[in-house]
Amino acid sequence: DEAIRTYTQLVDQFNDSFTRAARYEMALTYYRMGRYEDAMTEAGRITLTPEVKQDVYWLLAESCSALKRDDEAIQYYRLITRDFPDSARTRDALYRLAHHLQARGEFQEAARQFKSVAERFPESELAPQSLFASAYCLASGDAPAEAVRDWAALIRNYPQNTLVEESLYQKAMLEIRLRRDADAHASLQTLLAQFPAGRFLTDACFWQGMLMAEGGQTREAVEAFRRVLAAHPREDLARKTEFHLGVALQKLGQDDEAARLFQALLATPVKESFTPALLEWLADYAYAKADYPASASAAALILER
């Protein structure tokens, strides 16, 4: 407050190079005080000479951002990247610009700006974050192949970064979506090898089991599904895993365990995954074992469905 009073006195009494500097310092002081509207008002009174233009743009961009005036913030960040492409602030302006574009749902343009940060400043701590953000935006913008490319670049170029674990998982999920099963399997294997106790352990094992089951590796799928259950996953994943474990066990002729798993799942939301043929098998199997209540519950679900 005392600084503001002194700067005000200076600009009111004089008109020289010091007053231009005082106006900028006064705007900056308002910004630091959280008085963003006042900061913008003072910044707007500054004569934009080449020496101060970039600083004023930055102050206006940050003030608009703090006030959630995203359109204006984007405008000023663009001016910095356009007029000062080689300045020390360009990296941060590009990153903030991309962040605002992402928040507005302009995923393709946001990804382009994030990618620019990673390409122009590869040694920066923002480079891996920018690659991850670019991949996330591309995935959100329905460009899965390009998202896989950027997650792969992060994994390859920054192998020690903390984002590698999630990048491997997200890359594998999109590879499954793209039906690149061999690539997905390799990504999941790398994830499980590098992060054997990581936060994606159960999900990675589940999807590895699904890929194995679809590829005819039924015994390997059973092992993967058992590994998921042994890790005590969240309930929804546990029920899905039990269902697919039951399907794999049935294929291997291990009908008793498969039937026990299926029977327990009939009272859960996973019952929607049962086909009529599978319910008929379960009803017949229980009937043959003289387990009439179990047979009746499976048969009733056929009727209900």
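We now turn to the structure provided with this report. (Residues numbered from 1 in each chain as written. Predicted model: local features only at pLDDT ≥ 70, side-chain atom pairs only at ≥ 80, totals over all residues. Heavy atoms only, no water.)

**Digging into the environment of S130**
- By the secondary structure assignment, S130 is in helix 8 (residues 126–140).
- Taking the relative accessible area as the measure of exposure, S130 reaches 0% and is therefore buried.
- Along the backbone, S130 and F262 are 132 residues apart, and their C-alpha atoms lie at a distance of 45 Å.
- Those residues in contact with S130 that sit more than four places away from it in its chain are Y95, F114, V117 and A118.
- From its side chain, S130 meets the backbone oxygen of L126 in a polar contact 2.7 Å long. (Helix = DSSP H or I, 4+ residues; strand = E, 2+ residues; numbered from the N terminus. Buried < 20%, exposed > 50% of the residue type's maximum accessible area, 1.4 Å probe, protein only. Contact = heavy atoms within 4.5 Å. Polar contact = N/O pair within 3.5 Å; in protein donor to acceptor, adjacent residues only side chain to side chain.)

**Brief notes about the pattern of salt bridges**
- Summed over all chains, the structure comprises 30 salt bridges.
- The shortest N-O distance in the salt bridge between R149 and D150 comes to 2.9 Å.
- The partner of D203 in a salt bridge is R234, and the shortest N-O contact between them spans 3.0 Å. Here the residue D203 occupies a position in helix 12 (residues 201–214), and R234 occupies one in the loop between helix 13 (218–230) and helix 14 (235–251), the gap between them amounting to 31 residues. (Salt bridge = Lys/Arg side-chain N within 4 Å of Asp/Glu carboxyl O.)

**Description of the packing of helix 5 (residues 70–83) against helix 6 (residues 90–103)**
- Closest axis-to-axis distance for the helix 5/helix 6 pair is 9 Å, and the angle between their directions is 150 degrees. Considering the angle they form, helix 5 stands roughly antiparallel to helix 6. Classified by chirality, the crossing of helix 6 by helix 5 is left-handed. Residue-level contacts link D70, A73, I74, Y77, R78, I80 and T81 of helix 5 to T90, A93, L94, R96, L97, H100 and L101 of helix 6. (Axes fitted to C-alpha atoms, helices over the stretch in contact; angles between N-to-C directions. Parallel < 35°, antiparallel > 145°, perpendicular 65-115°, else oblique. Left-handed = near helix turned anticlockwise from the far one by under 90°.)

**Here's the deal with the side chain of S295**
- With respect to the secondary-structure elements, S295 resides in helix 17 (residues 292–304).
- Beyond its immediate sequence surroundings of up to four residues, S295 is in contact with A283, A286 and Y287.

**Here we look at helix 12**
- The end-to-end C-alpha separation of helix 12 is 20 Å, in line with the 20 Å expected for 14 residues at 1.5 Å each.
- Counting buried positions along helix 12 yields 11 of 14 residues, so the element is predominantly enclosed.
- Within helix 12, the full set of buried residues consists of L201, T202, D203, A204, C205, F206, Q208, G209, M210, L211 and M212.
- The elements touched by buried residues of helix 12 are helix 10 (164–177), helix 11 (181–194), helix 13 and helix 14.
- Of the residues flanking the end of helix 12, it is G216, one or two places downstream, whose phi is positive at about 85 degrees. (Expected span 1.5 Å × (residues − 1).)

**Looking at the packing of aromatic side chains**
- Counted according to the given criterion, the structure contains 14 aromatic pairs.
- Residues Y57 and Y76 carry aromatic rings whose centres are separated by 6.3 Å and whose planes lie at 35 degrees to one another, so their mutual orientation is tilted. Here the residue Y57 occupies a position in helix 4 (residues 53–66), and Y76 occupies one in helix 5, the gap between them amounting to 19 residues.
- Among the residues examined, Y76 registers a relative accessible area of 16% and is labelled buried.
- Seen in terms of ring centroids, F206 and W207 are 5.2 Å apart; in terms of plane orientation they differ by 80 degrees. Their pairing is edge-to-face.
- Taking relative accessible area as the criterion, F206 reaches 2% and is therefore assigned buried.
- Overall, W207 belongs to the partly exposed group, its relative accessible area being 26%. (Phe/Tyr/Trp six-rings, centres within 6.5 Å; stacked < 30°, edge-to-face > 60°.)

**Focus: the nonpolar core**
- Ranked by size, the top nonpolar core spans 91 residues in total, and within it Y76, Y77, F114, F243, F262, L266 and F274 carry the most contacts.
- The element that contributes the greatest number of residues to this core is helix 8, accounting for eight residues.
- Beyond its immediate chain neighbours, meaning those up to four positions away, Y77 contacts W58, A61, E62, S65, A93, R96, L97 and H100.
- Of all hydrophobic cores here, the second largest spans six residues; its members include A22, M26, Y30 and A39. (Core = buried A, V, L, I, M, F, W, Y, C linked by side-chain atoms within 4.5 Å.)

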